Amino acid sequence: MKRLNSVVSHAGELDGKLSELSSRIQTSFYELSDISDDFSRYTDSLVFDPERLAFVQDRLETIYKLKKKYTSGIHSGISEVIAYADEARKELEELSGMMEDRSDLELQIKALEEQVYAKARSLHEKRKAAAAVMSGKIEEILAKLGMKGAEFSVHIVEKPGSELSQKCSQFGMDDVEFLIRTNLGSSLMPLTRIASGGELSRVMLALKTILSDADTVGTLIFDEVDTGVGGEIAVSIGEHLKKLSKKKQVLCITHLASIAVYADNQIKIQKGVAGNTTSTNVFPVENQERIKEIARMLSGDATSTESLEHAAAMLHKFGGM
């Protein structure tokens, strides 16, 4: 271009027709020279930075992954990623607020646990004091019910565990177990493991007698309470049942007349066979029929004068007939 400009410029001096072309070529020459200088300055300003290249490539890769995970497609705009980030940021702020609320709730829970533990500790001490009194009273009643020498104990131990939520339940912090020794020389054992049916009934009778004011159960049923007893012991059992019936409804199954005479209402259960059918009949016995039934329970004879007189005397003395 530079050579062309020189040749045309010289030719224009020889032929005036080329003057205009020479002028146009000169203008173009200077313009292209400026453009060339600009390109030279631009290329000189370019700097190759391998670290910057790696950074940009990593960022593009990150944007690609974000678009793939959080947008409808990899060709979606980055605006979807930004919108998702804004929503996530808002949710995080809400969760942070919830964490603050959780801290407040944990403090409240800790305060309540301390209150529960304090009340459980107070209940534990009251139980220990009541257990000694209760054991003594039950032993007195058991002696009258034919279990003289029996030893009764209330075993109270704290529940295992180190945390308050583990130690305390709706019944406090104690495991309570009734222990009894019915034979001299033996060890105290759990009531449910060693007591016979009759012994268990008499222990329950003793418990219900001393707890009748606090117990909310309205009806008590005793079976086999007279097992292995007779004479004065049976009379004592009947007396306790009568006393208990002043505050509770008592149903007692018995084969002893000395217990049956204390009943306000006596019911006889009798099994019979008619043809090929066995039936059980239940009916009340009253007035003279009751005297006959008590006489039968006393001696197996419901007709002799002695049995009837003895039955009538017992009913008059203990049953209020």
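Here goes a summary of the coordinates provided.

Analysis parameters
- Residues numbered from 1 in each chain as written.
- Predicted model: local features only at pLDDT ≥ 70, side-chain atom pairs only at ≥ 80, totals over all residues.
- Heavy atoms only, no water.
- Helix = DSSP H or I, 4+ residues; strand = E, 2+ residues; numbered from the N terminus.
- Buried < 20%, exposed > 50% of the residue type's maximum accessible area, 1.4 Å probe, protein only.
- Contact = heavy atoms within 4.5 Å.
- Areas by Shrake-Rupley, 256 points an atom, 1.4 Å probe, with all protein chains shown as cover.
- Expected span 1.5 Å × (residues − 1).
- Patch = residues over 30% accessible without salt bridge, like charges linked within 9 Å, V, L, I, M, F, W, Y side chains within 5 Å.
- Salt bridge = Lys/Arg side-chain N within 4 Å of Asp/Glu carboxyl O.
- Polar contact = N/O pair within 3.5 Å; in protein donor to acceptor, adjacent residues only side chain to side chain.
- Lys, Arg positive; Asp, Glu negative; His and termini not counted.
- Charge placed at Lys NZ, Arg CZ, Asp CG, Glu CD.
- Pairing = 2+ DSSP bridges.
- Core = buried A, V, L, I, M, F, W, Y, C linked by side-chain atoms within 4.5 Å.

### Some remarks on the overall build of the chain
No. 1: From N to C terminus, the chain includes eleven helices and seven strands.
No. 2: Buried positions account for 26% of the 321 residues belonging to the chain.
No. 3: If you take every contact in the chain between residues at least 6 apart in sequence, the share linking residues at least 24 apart comes to 51%.
No. 4: Surface exposure of the chain reaches about 22400 Å², of which carbon and sulfur atoms provide 55%.

### Comments concerning helix α8 (residues 231-244)
No. 1: Helix length check: α8, at 14 residues, gives a terminal C-alpha distance of 20 Å against a target of 20 Å (1.5 Å per residue), a fit within 8%.
No. 2: A234, S236, I237, G238, H240, L241, K242 and L244 are the residues of α8 that are buried.

### Things to note about helix α10 (residues 287-299)
What sets the pattern is the α-helix's 3.6 residues per turn: residues three or four places apart point alike.
No. 1: Spanning 13 residues, α10 covers 19 Å between terminal C-alpha atoms, matching the ideal 18 Å at 1.5 Å per step.
No. 2: The secondary structure elements touched by the buried residues of α10 are α9 (257-260), β6 (266-274), β7 (277-285) and α11 (305-319).
No. 3: Of the residues flanking the end of α10, it is G300, one or two places downstream, whose phi is positive at about 80°.

### Some thoughts on a nonpolar patch on the surface
No. 1: A grouping of L32, I35 and F39 is seen on the molecular surface, where their side chains present a nonpolar patch of about 290 Å² in accessible area.
No. 2: In this structure, F39 sits in helix α2 (residues 19-45).

### Structural notes on the side chain of K248
No. 1: Positionally, K248 belongs in the loop between α8 and β5 (249-253).
No. 2: Assessed through its relative accessible area of 10%, K248 is described here as buried.
No. 3: Engagement of the side chain of K248 in a polar contact is seen with the backbone oxygen of V217, the distance being 3.0 Å.
No. 4: Every residue in contact with K248, bar those within four places of it in the chain, is listed here: S212, D215, T216, V217, G218 and L220.

### Some points on a negative patch on the surface
No. 1: On the surface, a cluster of negative charge is made up of E87, E91, E93 and E94.
No. 2: Tracing the sequence through the fold places E91 in helix α4 (residues 78-144).
No. 3: Judged by relative accessible area, E91 falls into the partly exposed class, the value being 46%.

### Here's the deal with unusual backbone geometry
No. 1: One non-glycine residue with positive phi stands out, namely N287, at about 50°.
No. 2: Position of N287 relative to the elements: it lies in helix α10.

### Focus: the sheet that holds strand β1 (residues 151-158)
No. 1: Strand order in the open sheet made by the three strands is β1-β2-β3, with antiparallel pairing throughout. Looking at the sheet topology across the chains shown, the edges are occupied by β1 and β3 (189-190).
No. 2: Sheet topology places β1 next to strand β2 (residues 174-181); eight bridges connect them, and they run antiparallel. Residue pairing in the sheet places E151 in a bridge with R181 of β2.

### Regarding the pairing of β7
In the case of a regular strand, side chains alternate between the two sheet surfaces.
No. 1: Inspection of the sheet shows β6 paired to β7 by nine bridges, in the antiparallel sense. What sits directly across from V273, in β7, is T278.
No. 2: Where β6 hands over to β7, the hairpin turn is made up of two residues, of which G275 adopts a positive phi near 70°.

### Here we look at the side chain of K159
No. 1: Positionally, K159 belongs in the loop between β1 and α5 (164-167).
No. 2: For K159, the side chain forms a polar contact with the side chain of D175, separated by 2.9 Å.
No. 3: Dropping the residues within four chain positions of it, K159 is found in contact with K167, S169, G172, M173, D174 and D175.

### Quick look at the nonpolar core
No. 1: Counting residues in hydrophobic clusters, the biggest one holds 26 residues, and the most contacted among them are I138, L142, V203, L205, F222 and I237.
No. 2: Counting only elements with at least two residues in this core, the list comes to α4, β1, α7 (197-210), β4 (219-223) and α8.
No. 3: With residues up to four places along the chain from it excluded, the contact list for L205 reads L145, F222, V225, I237, H240, L241 and L244.
No. 4: Core analysis: the second largest hydrophobic core is formed by eleven residues, A257, Y262, A295 and L315 among them.

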